[in-house]
Amino acid sequence: MIKYLKLLLWPVSLLYGGIMRVRNLFYDVGLFAVQRYDLPVIAVGNLTVGGTGKTPHVEYLLRLLGKYRTATLSRGYKRKSSGFLLADEQSTATTLGDEPFQYHRDFPGVSVAVCEKRAKGMELLQHLVPDLDLVVLDDAMQHRAVAPSLNLMLTDFNRPFYRDFVLPAGLLREPRRGARRASAVIVSKCPPNLNASLRRTITQHVSKYTAAGTPVFFSSFTYGTPVAVGNQLKLSKELILLTGIANPAPLQQYLASEGYTIRQVLVYPDHHQYTMQDLIKVKKLLQDPNLQGASVLTTRKDAVKLLDESLVGMTQQLPVFYIPIEVEFQENAVQFDELVLRHVQARLRHSVH
């Protein structure tokens, strides 16, 4: 059935793909304006709709570049505000969006800004943070009005771009050849200890669409010790899993491998804005005799929204924990770090002279 549906949608995909090719061509030949900057501008993005793990990779970069005066610039997806905002003490997940607010909470030394128009956002950032060393653009592969100096493209190991098709028959935002703009490709969400033969095969597939010599890296998620944000200090082995992320399956698999029993799953759409009704539903579940003693486990991205001032009172009454997620590069972690650090150092030297 799905196969036939994709065939029916194929003409629309051809039309959409053609529009995106023309749009990219106009940027390439200068018919559409592109802003370039002397300071390092590192873009993290993908060709695919849905989660490829951009947020943990942005956080990896923020830790790697901790000695620099760094800013992030995002669209602020699903925020209840518009225009340019620079995060401050009054900012919330509602005003910034969940991912920028997470950066703001977890990286106090980083300037976090949101703006639908990245070129305008860059201009205002440089004006408001005059000593800025570099900017990390979150989810910026298709925002071509700003030219990144380093373009890091992610693709999900479980759904690589080279096997996908343009919307709506597939999940690509633009044709596969968009990968030629990548300075490096990161295959994310890989199983631990991916064997060398499969890495070579994937690299060959990726390299068919990238510029010659574009490096390919492989990363996995590692899960940290759960952190309590509610009224319970120890996480139970019996769980209610609460998520508003693109793909909770890897987290479910990890929890099962660690001996947890997921008794109930509450899955909301990516970037879900939690309400008091959502937490009342969780509270009622916890009162079920079959769920007695269970803990509520969520992600860091979800936790920052559950700690909004309108919800924090209820959240702290419940046995809620979040599980930290970090990125770990396989085999060539040192090479990836050196690529980024050398690029930043070279651009900063260039901007001084």
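Described in the following lines is the structure provided in the data block. These numbers were taken from a predicted model, which means no experiment stands behind them.

**Details of the sheet that holds strand β13 (residues 320–323)**
Taken together, the 5 strands give an open sheet; going across it, the order is β9-β13-β12-β10-β11, and neighbouring strands pair in mixed fashion. Edge positions in the sheet fall to β9 (227–228) and β11 (261–267), since each of these pairs with one other strand and no more. As defined by bridge partners, strand β12 (residues 295–299) adjoins β13 across 4 bridges and the pair is classed as parallel. Paired with Leu297 across the bridge in β13 is Phe321.

**Some remarks on the packing of helix α2 (residues 54–64) against helix α4 (residues 98–106)**
Their axes nearest at 11 Å, the elements α2 and α4 cross at an angle of 30 degrees. Taken together, the axis directions place α2 and α4 in an arrangement best described as roughly parallel. Of the two elements, α2 crosses α4, and the hand of that crossing is right-handed. Every residue of α4 that contacts α2 at Thr55, Val58, Glu59 and Leu62 is listed here: Glu99, Gln102, Tyr103 and Asp106. Across the contact of α2 with α4, the residue classes break down as 3 nonpolar, 2 polar and 3 charged.

**A closer look at the packing of aromatic side chains**
Enumeration over the complete set of coordinates arrives at 12 aromatic pairs. Geometrically, the ring pair formed by Trp10 and Phe165 is edge-to-face, given 5.5 Å between the ring centres and 80 degrees between the ring planes. In this pair, Trp10 is assigned in helix α1 (residues 2–29) and Phe165 in the loop between β6 (150–156) and β7 (184–188), connecting sequence segments 155 residues apart. In this structure Trp10 comes out as partly exposed when scored by relative accessible area, which is 36%. For Phe165, a relative accessible area of 33% translates into the label partly exposed. Centroid distance Phe26 to Phe32: 5.3 Å. Interplanar angle 90 degrees. Geometry classified as edge-to-face. Residue Phe26 is classed as partly exposed on the basis of its relative accessible area, which comes to 29%. Here Lys237 stacks its cationic end above the ring of Tyr260, 4.0 Å away from the centre of that ring. Stacked on the ring of Tyr322, the Lys or Arg Arg300 has its end atom at 4.8 Å from the ring centre.

Conventions used here
- Residues numbered from 1 in each chain as written.
- Predicted model: local features only at pLDDT ≥ 70, side-chain atom pairs only at ≥ 80, totals over all residues.
- Heavy atoms only, no water.
- Pairing = 2+ DSSP bridges.
- Helix = DSSP H or I, 4+ residues; strand = E, 2+ residues; numbered from the N terminus.
- Axes fitted to C-alpha atoms, helices over the stretch in contact; angles between N-to-C directions.
- Parallel < 35°, antiparallel > 145°, perpendicular 65-115°, else oblique.
- Left-handed = near helix turned anticlockwise from the far one by under 90°.
- Contact = heavy atoms within 4.5 Å.
- Nonpolar A, V, L, I, M, F, W, Y, C, P; charged D, E, K, R; others polar.
- Phe/Tyr/Trp six-rings, centres within 6.5 Å; stacked < 30°, edge-to-face > 60°.
- Buried < 20%, exposed > 50% of the residue type's maximum accessible area, 1.4 Å probe, protein only.
- Lys NZ or Arg CZ within 6 Å of the ring centre and 35° of its normal.

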